[in-house]
Amino acid sequence: MTCKEAEKMIPYFLQDDLDTEELREFMEHIEGCDECREELSIQFLVMEGMTRLEEGNVFDLQNELKYRMDMAGHALKLRENMQWFLYAMEGLVAVALITLIALLIFL
């Protein structure tokens, strides 16, 4: 993923609107790119910080962004585990279907 692609995805990340593959690529890029991490911080501050300040709420940019990134990492792992679970279930259904067909043919 290029920096330009990652920067375009920041608003979608902040709105939790990336699919599993996009989130994986985004997280990998952000973890290794200081410039994009800085851009993420800026957009997060603008998007969340301004709203919080207008409401008079306390805002800790670093901790809240770290929390958001941690939660995105957990969500990514959960999505990936669910994907593997679905693959396994599809495999079991296929095996059950083949077994049923074989039983019907040989009975």
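Note: the structure precedes this text.
Only a predicted model underlies this, so the values are computations on that prediction, with no experimental measurement involved. (Residues numbered from 1 in each chain as written. Predicted model: local features only at pLDDT ≥ 70, side-chain atom pairs only at ≥ 80, totals over all residues. Heavy atoms only, no water.)

Looking at the secondary structure, you find E48 in helix 3 (residues 34–55). At 3.3 Å, the side chain of E48 forms a polar contact with the side chain of R68. With near-sequence residues (within four places) excluded, E48 lies in contact with F59 and R68. (Helix = DSSP H or I, 4+ residues; strand = E, 2+ residues; numbered from the N terminus. Polar contact = N/O pair within 3.5 Å; in protein donor to acceptor, adjacent residues only side chain to side chain. Contact = heavy atoms within 4.5 Å.)

Turning our attention to the environment of K77. As for its placement among the helices and strands, K77 is situated in helix 4 (residues 61–106). Taking the relative accessible area as the measure of exposure, K77 reaches 55% and is therefore exposed. Spatially, the C-alpha atoms of K77 and E25 are 13 Å apart, while their sequence positions differ by 52 residues. (Buried < 20%, exposed > 50% of the residue type's maximum accessible area, 1.4 Å probe, protein only.)

Our next topic: helix 3. For helix 3, with 22 residues, the first-to-last C-alpha span of 30 Å sits near the 32 Å given by 1.5 Å per residue. Of all the bends in helix 3, the largest measures some 35 degrees and sits at G49. Buried within helix 3 are the following residues: C36, L40, S41, F44, E48 and G49. Turning to helix 3, the residues buried within the fold contact helix 1 (3–14), helix 2 (20–32) and helix 4. Looking at the residues trailing helix 3, positive phi occurs at G56, about 80 degrees. (Expected span 1.5 Å × (residues − 1). Bend = angle between axes of the 7 residues up to and from the residue.)

A separate point is the pattern of salt bridges. Any two side chains of opposite charge can pair if their charged atoms end up close together. Inspection of every chain in the model, using the stated rule, returns six salt bridges. The shortest N-O distance in the salt bridge between R37 and D34 comes to 2.1 Å. Residue R37 and its partner D34 are both found in helix 3; the two are separated by three residues, about one turn of the helix. Owing to a relative accessible area of 31%, R37 belongs among the partly exposed residues under this scheme. Among the residues examined, D34 registers a relative accessible area of 52% and is labelled exposed. One salt bridge in this structure joins K66 and D70, with 3.0 Å as the shortest N-O distance. In this pair, K66 and D70 both sit in helix 4, four residues apart, roughly one turn of the helix. Classification of D70 as partly exposed rests on a relative accessible area of 35%. Through salt bridges with shared partners, a single network forms among E21, R24 and E80. (Salt bridge = Lys/Arg side-chain N within 4 Å of Asp/Glu carboxyl O.)

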